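The lines below spell out each chain.
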Amino acid sequence: MANKNTNSMSTEEAGRKGGEATARNHDKEFYQEIGQKGGEATAKNHDKEFYQEIGQKGGETTAKNHDKEFYQEIGQKGGEATSKNHDKEFYQEIGEKGGEATSKNHDKEFYKEIGEKGGEARSRQNND
């Protein structure tokens, strides 16, 4: 029977040490490249429903761990970064696509309801 080596490290510790060594030996471009390759490989092996499911799970987990201010801050940062990289035509195009998608998924009652909410909010602003 073989002797059990009591000096061996756990799988968790070995993984941590390996990750630290990799981080010391590689730069941002390395991680971008392997991330892109991983994303491409994943995209070949999964369908739209897979991404919807993991996106929903991630969103639910994030929502449990963060408050309104967190979302406002990351939304602002994302908006600022996007505005630096895109022009007016970009926003017109995505706005049109979003409007078309919304109109396919909602009826007249939906627009009536959000219009009323917008009117109420506007009225409150004017009365303050």
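Residues numbered from 1 in each chain as written. Predicted model: local features only at pLDDT ≥ 70, side-chain atom pairs only at ≥ 80, totals over all residues. Heavy atoms only, no water.

### Comments concerning the overall build of the chain
To be explicit about the condition: Here a helix means four or more residues in a row that DSSP labels H or I, a strand means two or more in a row labelled E, and each is numbered from the N terminus. Residue burial is assigned from relative accessible area. The probe radius is 1.4 Å, only protein chains are included, and a residue is buried under 20% of its type maximum, exposed over 50%, and partly exposed in between. All accessibility values rest on the Shrake-Rupley procedure with a 1.4 Å probe; residue burial counts only the protein chains present in the view. Here the positive residues are Lys and Arg and the negative ones are Asp and Glu; neither His nor the chain ends is included. Working definition for charges: the position is that of NZ of Lys, CZ of Arg, CG of Asp or CD of Glu.
Each helix and strand in the chain was counted, giving six helices and zero strands. Its helices and strands taken in sequence order, the chain reads α-α-α-α-α-α from the N to the C terminus. If one aligns the C-alpha atoms of the chain with their principal axes, the spans along those axes are about 80 × 35 × 30 Å. Across the 128 residues of the chain, 0% fall into the buried class. Taken as a whole, the chain presents about 11,700 Å² of accessible surface, with 50% of it coming from carbon and sulfur. For the chain, the separation between the mean place of its 21 positive charges and that of its 26 negative charges on side chains is 3 Å.

### Looking at the packing of aromatic side chains
Heads up, the rule is: Each Phe, Tyr or Trp ring (for Trp, its six-membered ring) is paired with any other whose centre lies within 6.5 Å, and the angle between the two planes then decides the class: stacked below 30 degrees, edge-to-face above 60, tilted in between.
In the structure shown here, the tally under the stated rule is five aromatic pairs. Taking 5.1 Å as the distance between ring centres and 80° as the angle between the ring planes, the aromatic pair formed by Phe30 and Tyr31 counts as edge-to-face. Summarising the aromatic geometry, the rings of Phe50 and Tyr51 are spaced 5.1 Å apart at their centres and angled 85° between planes, so their arrangement reads as edge-to-face. Note on Phe50: relative accessible area 26%, which makes it partly exposed. Residue classification places Tyr51 among the partly exposed positions, given a relative accessible area of 34%.

### Remarks on the pattern of salt bridges
Defined as follows: Note on definitions: salt bridges are taken to be side-chain nitrogens of Lys or Arg within 4 Å of carboxyl oxygens of Asp or Glu.
All chains considered together, the criterion is met by eight salt bridges. Put simply, Lys77 and Glu73 hold a salt bridge, and the shortest N to O gap is 3.1 Å. One end of the pair, Lys77, and the other, Glu73, are both in helix α4 (residues 68–85), four residues apart, so they sit about a helical turn from each other. Taking the shortest distance from any N to any O, the salt bridge between Glu93 and Lys97 comes out at 3.2 Å.

### Things to note about the environment of Ser10
The condition is simple: Counted as a polar contact is a pair of N or O atoms within 3.5 Å, where, for protein atoms, one must be capable of donating a hydrogen and the other of accepting one, and residues adjacent in sequence contribute only when both atoms are in side chains.
Along the chain, Ser10 falls in the segment before α1 (11–25). Separated by 3.0 Å, the side chain of Ser10 and the backbone nitrogen of Glu13 make a polar contact.

### Quick look at the environment of Tyr31
Here is the rule we go by: Whether two residues touch is decided by their heavy atoms; if any such pair falls within 4.5 Å, the residues are in contact.
Following the sequence through the fold, Tyr31 ends up in helix α2 (residues 28–45). Note on Tyr31: relative accessible area 36%, which makes it partly exposed. Sequence-wise, Tyr31 and Lys48 are 17 residues apart; in three dimensions their C-alpha atoms are separated by 25 Å. With residues near it in sequence (within four places) discarded, Tyr31 still touches Thr22, Ala23 and His26.

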